[in-house]
Amino acid sequence: MKNIILLAAAVLAVSGCASVDISREGGHTVAVVENSGWYLFNAIPIASGDPGNPNGRTCRLFSSTVNLESNIAMLDRAICETGAVSCIDTVSYTTDEKVFAILLRRLSYHTTAELVMEQETAEQKEEETQPCSSPLM
Amino acid sequence: MKPVKAIMAAAALLAAGCFSIEHARIQATGEYHVFASNYGWYLFGSLPIVCGNANPDAVLPFVFFRDDVTMDKIQRRVLCHSKNLNSGKVCNLSYYNDNMVLFEFPGVNFPVPVPYVLTYRGIQLSGGVK
């Protein structure tokens, strides 16, 4: 029984993980969304991150949430929670690690975007409405 | 012996290569985010052995002895895919290219000592659709 509990704990510890990290340095707010999951034989999902609870210690067993839609949903939630109004420069890519060819595969989706705050958009609008300064003579 | 060969063949096909394209809508901006990826295996870094099939009418997910892991083919598929989303105007295209010339048996951290014999190439492209 003890071994089973240890095994279950180990599986949960290395299982899928969903995270949203936000950096606010230098007046730029950048969000990095990551979701990863484990697959058996490249196809059967064992565990993947829970997009409903990023940065939490929960995962979804035997279902695959590792896709673009989950990452975009987490990004949307980050936009709402940070008080941003939109995002720019959204980029996505995937990485994967394999154990013994196709026996075990860890797939991760990464999405990054710069969040645009309400204040920034107001400043941009102000800049757009201001007449251009005359060129230097 | 037969089951072992069958398992090895199945493993080779599963790792052969795969083209994928997907999209999701960013609610905050109303824009769609499109992501496509393809990868394949090459002999001597240039002769295609097998890769994901980037043909839009593809029956099989992989194709032998044809190079579909090119920026042109992936970009064309992304642009075609984006035509049906919003206004179809694609912006902020971003590539993530990956090349491995020192073939490593996956998971064992043991590379084949001679580089450029069996190589791997993967291309990923993401972008927005306004």
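Just above sits the structure.
Residues numbered from 1 in each chain as written. Chains lettered and ligands numbered in written order. Predicted model: local features only at pLDDT ≥ 70, side-chain atom pairs only at ≥ 80, totals over all residues. Heavy atoms only, no water.

J.: Help me get a handle on unusual backbone geometry, residues and values and all.
T.: The phi dihedral of Asn55 of chain A falls on the positive side, at around 65 degrees, and the residue is not glycine. Mapping Asn55 of chain A onto the fold places it in the loop between strand S3 (44-49) and strand S4 (59-61). A positive phi angle, close to 55 degrees, is found at Phe65 of chain B, a residue other than glycine. Residue placement: Phe65 of chain B occurs in the loop between strand S4 (62-64) and helix H2 (71-82). Since its relative accessible area comes to 67%, Phe65 of chain B is described here as exposed. (Helix = DSSP H or I, 4+ residues; strand = E, 2+ residues; numbered from the N terminus. Buried < 20%, exposed > 50% of the residue type's maximum accessible area, 1.4 Å probe, protein only.)

J.: Could you give an account of the pairing of strand S6 (residues 104-117) of chain A, with specific residues and numbers?
T.: All names here are of chain A. Counted residue by residue, S6 has eleven buried out of 14 residues, so it is predominantly covered. As paired strands, strand S2 (residues 29-40) and S6 are joined by twelve bridges and run antiparallel to one another. Looking across to S6, one finds that Gly37 is bridged to Leu107. In this structure, strand S5 (residues 84-99) lies alongside S6, joined through 13 bridges in antiparallel fashion. (Pairing = 2+ DSSP bridges.)

J.: Can you explain the nonpolar core? Please cite residues and give values.
T.: If you look at the biggest cluster of nonpolar residues, it comprises 22 residues, and the most contacted ones within it are Leu68, Ile72, Leu75, Ile79, Cys87, Tyr109 and Leu115 of chain A. Among the elements of the structure, strand S1 (17-23), S2, helix H2 (68-82), S5 and S6 of chain A are those that each provide at least two residues to this core. It is H2 of chain A that provides the largest number of residues to this core, a total of six residues. Within the second largest apolar cluster, 15 residues are counted, among which are Val34, Ala36, Tyr42 and Ala54 of chain B. (Core = buried A, V, L, I, M, F, W, Y, C linked by side-chain atoms within 4.5 Å.)

J.: Run through the interface of chain B and chain A, naming residues and quoting values.
T.: Each partner contributes residues to the interface: chain B has 22 residues there, and chain A has 24 residues. Carbon and sulfur atoms make up 61% of the area that chain B and chain A hide from each other, which totals about 2000 Å². At the boundary of chain B and chain A, one finds zero salt bridges. Counting across the chain B and chain A interface gives eight residue pairs in polar contact (both at pLDDT 80 or more). Only helix H1 (2-14), strand S1 (20-25), strand S2 (32-43), strand S5 (90-100) and strand S8 (118-129) of chain B provide two or more residues apiece to the side of chain B that touches chain A. For the side of chain B that touches chain A, the element with the most residues is S1 of chain B, which contributes four residues. (Contact = heavy atoms within 4.5 Å. Buried area = accessible area lost by both parts, 1.4 Å probe. Salt bridge = Lys/Arg side-chain N within 4 Å of Asp/Glu carboxyl O. Polar contact = N/O pair within 3.5 Å; in protein donor to acceptor, adjacent residues only side chain to side chain.)

J.: Before we move on, could you go through the pattern of salt bridges and cite the residues and values that matter?
T.: Counted by the stated rule, this structure contains seven salt bridges over all chains. With a closest N to O distance of 3.9 Å, Asp96 of chain A and Lys98 of chain A form a salt bridge. Put simply, Asp67 of chain B and Arg121 of chain B hold a salt bridge, and the shortest N to O gap is 3.4 Å. Here Asp67 of chain B, found in the loop between S4 and H2, pairs with Arg121 of chain B, found in strand S8; they are 54 residues apart in sequence, far enough to count as distant. Several salt bridges converge on common partners, so that one network encompasses Asp96, Lys98 and Arg105 of chain A.

Fair warning: the whole summary comes from geometry, so function is off the table for now.
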